[in-house]
Amino acid sequence: MEKDENHFSGGKRYRNKDITVYWKPSACVHASYCYRELIEVFDPSRRPWVDMEGASTEKIIEVVNLCPTDALAWKWNDEEKNQDVRADQYNHIKFRRPGLMQDKNSVIEETPVSVKVMIDGPVVLKGDFELTYGTTKKVVSDGMISICRCGVSDHQPFCDGRHRKTGFNG
Amino acid sequence: MEENNNKKPQAIVEVIEFGPLKISGNFIIKDLKRNKEESPGEIWLCRCGKSNNKPYCDDSHKK
Ligand code: SF4
Ligand code: FES
Ligand code: FES
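Attention in this report is confined to the structure presented alongside it. Computed from a predicted structure; not experimentally measured.

Procedures and definitions
- Residues numbered from 1 in each chain as written.
- Chains lettered and ligands numbered in written order.
- Predicted model: local features only at pLDDT ≥ 70, side-chain atom pairs only at ≥ 80, totals over all residues.
- Heavy atoms only, no water.
- Helix = DSSP H or I, 4+ residues; strand = E, 2+ residues; numbered from the N terminus.
- Buried < 20%, exposed > 50% of the residue type's maximum accessible area, 1.4 Å probe, protein only.
- Contact = heavy atoms within 4.5 Å.
- Polar contact = N/O pair within 3.5 Å; in protein donor to acceptor, adjacent residues only side chain to side chain.
- Buried area = accessible area lost by both parts, 1.4 Å probe.
- Salt bridge = Lys/Arg side-chain N within 4 Å of Asp/Glu carboxyl O.
- Nonpolar A, V, L, I, M, F, W, Y, C, P; charged D, E, K, R; others polar.
- Pairing = 2+ DSSP bridges.
- Near = heavy atom within 4 Å.
- Core = buried A, V, L, I, M, F, W, Y, C linked by side-chain atoms within 4.5 Å.
- Arc of directions from axis to C-beta.

With that settled, consider the environment of Thr69 of chain A. All names here are of chain A. Position of Thr69 among the secondary structure elements: in the loop between helix H2 (57-64) and strand S4 (72-76). Looking at Thr69, the relative accessible area reads 13%, which means it is buried. For Thr69 and Val29, which are 40 residues apart along the polypeptide, the C-alpha to C-alpha distance reads 7.4 Å. Setting aside anything within four residues of it in sequence, one finds Thr69 in contact with Ala27, Cys28, Val29, Asn91 and Arg96. Within the structure, Thr69 has its side chain in polar contact with the backbone nitrogen of Ala71 (distance 2.9 Å).

Rendered as structure tokens:
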């Protein structure tokens, strides 16, 4: 399923753990360097046509740098690394599409929340999620909470360790 | 250097009063006792301790 985050003004973006590749369809002249060189990643017959897991980061950068237009550009997800990219990286956004240097949004973490049901104990939630209880609503960012499953905690909805004393079996 | 502030909530976790814990979205549930791992998209976990279908709510909390 294609997610909305892949769209940004003027095209699409694709990423792996190291880099983000931007594609601007309106600039693509179908010179086809990209798929002649690396069909594993750039395959116009596939949707989405860019598969960032199809080759190594180095290889993807190399091929993106071949695009003769500004249809393809790339950057490191690590913002610091983008500062000292040298000019031989033709299609780094710094040279090709400087406006995108502001596009911080491209680092989007989509790690699933971990929900661990402990043996005879609470359920432990870890990650990025929204939590509501009573009238409280909060965003937990890279956090961890334990919700009581035994029903006897004095600190509902959180576990306070009482499940051990009551010998909860669940 | 700026923080990575682009972490979006991946799941919605809702404590239902006098009822279960509803979790929906992008998550993986690991049940250590029953040795199961899945990502069903939406679940209701028992919080009352009385369910006969743990870790899920089976409405026993209403009794
Ligand atoms: S190399 Fe660039 S212009 Fe050519 S097809 Fe690929 S994206 Fe389009
Ligand atoms: S699960 Fe720990 S107090 Fe209920
Ligand atoms: S919360 Fe529904 S059965 Fe326990």
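Resuming the write-up.
Moving on, we come to the interface of chain B and chain A. Contacts between chain B and chain A engage 31 residues on the former and 40 residues on the latter. Counting the surface lost from both chain B and chain A, the interface buries some 3,000 Å², and carbon and sulfur atoms represent 58% of this. At the boundary of chain B with chain A, the tally comes to 1 salt bridge. Here Asp120 of chain A ties to Lys33 of chain B by a salt bridge, and the two come within 2.5 Å at their closest N and O atoms. Elements with a contribution of two residues or more to the side of chain B that touches chain A: strand S1 (11-15), strand S2 (21-25) and strand S3 (27-31) of chain B. The residue inventory of the side of chain B that touches chain A, partitioned by class, reads 16 nonpolar, 5 polar and 10 charged. Where strand S5 (residues 113-117) of chain A and S3 of chain B come together, 5 bridges link them in parallel fashion.

Near ligand 1 you find 13 residues, and of these Cys28, Ala31, Ser32, Cys34 and Cys67 of chain A are the closest. Of the residues belonging to the shell around ligand 1, the class tally is 10 nonpolar, 3 polar and no charged.

Quick look at the nonpolar core now. Grouped together as the largest cluster of nonpolar side chains are 23 residues, with contacts concentrated most on Ile19, Val21, Phe42, Ile60 and Leu72 of chain A. Within the residue set of this core, elements represented by two or more residues are strand S3 (19-23), H2 and S4 of chain A.

Note on helix geometry: an α-helix contains 3.6 residues per turn, so any two residues three or four positions apart are oriented the same way. Residues and elements named next belong to chain A. What H2 keeps buried is the set Thr57, Ile60, Ile61, Val63 and Val64. One side of H2 holds all its buried residues, which, seen down the axis, span an arc of 170 degrees. Where H2 is buried, its residues contact S3, helix H1 (33-37) and S4.

Moving on: the pattern of salt bridges. Any two side chains of opposite charge can pair, on the condition that their charged atoms come close. Residue and element names in this part refer to chain B. Summed over the entire model, instances satisfying the criterion amount to 10 salt bridges over all chains. Asp59 is paired through a salt bridge with Lys62; the nearest N and O atoms lie 3.5 Å apart. The class of Asp59 is partly exposed, set by a relative accessible area of 37%.

Before going further, it helps to examine the pairing of strand S7 (residues 136-147) of chain A. All names here are of chain A. Inspection of the sheet shows strand S6 (residues 123-133) paired to S7 by 10 bridges, in the antiparallel sense. The partner of Lys126 across the bridge, within S7, is Met144. Hairpin connection between S6 and S7: a loop of 2 residues separates the two successive antiparallel strands, and Gly134 in this loop has a positive phi of roughly 55 degrees.

What is shown is where atoms sit, not what they do.
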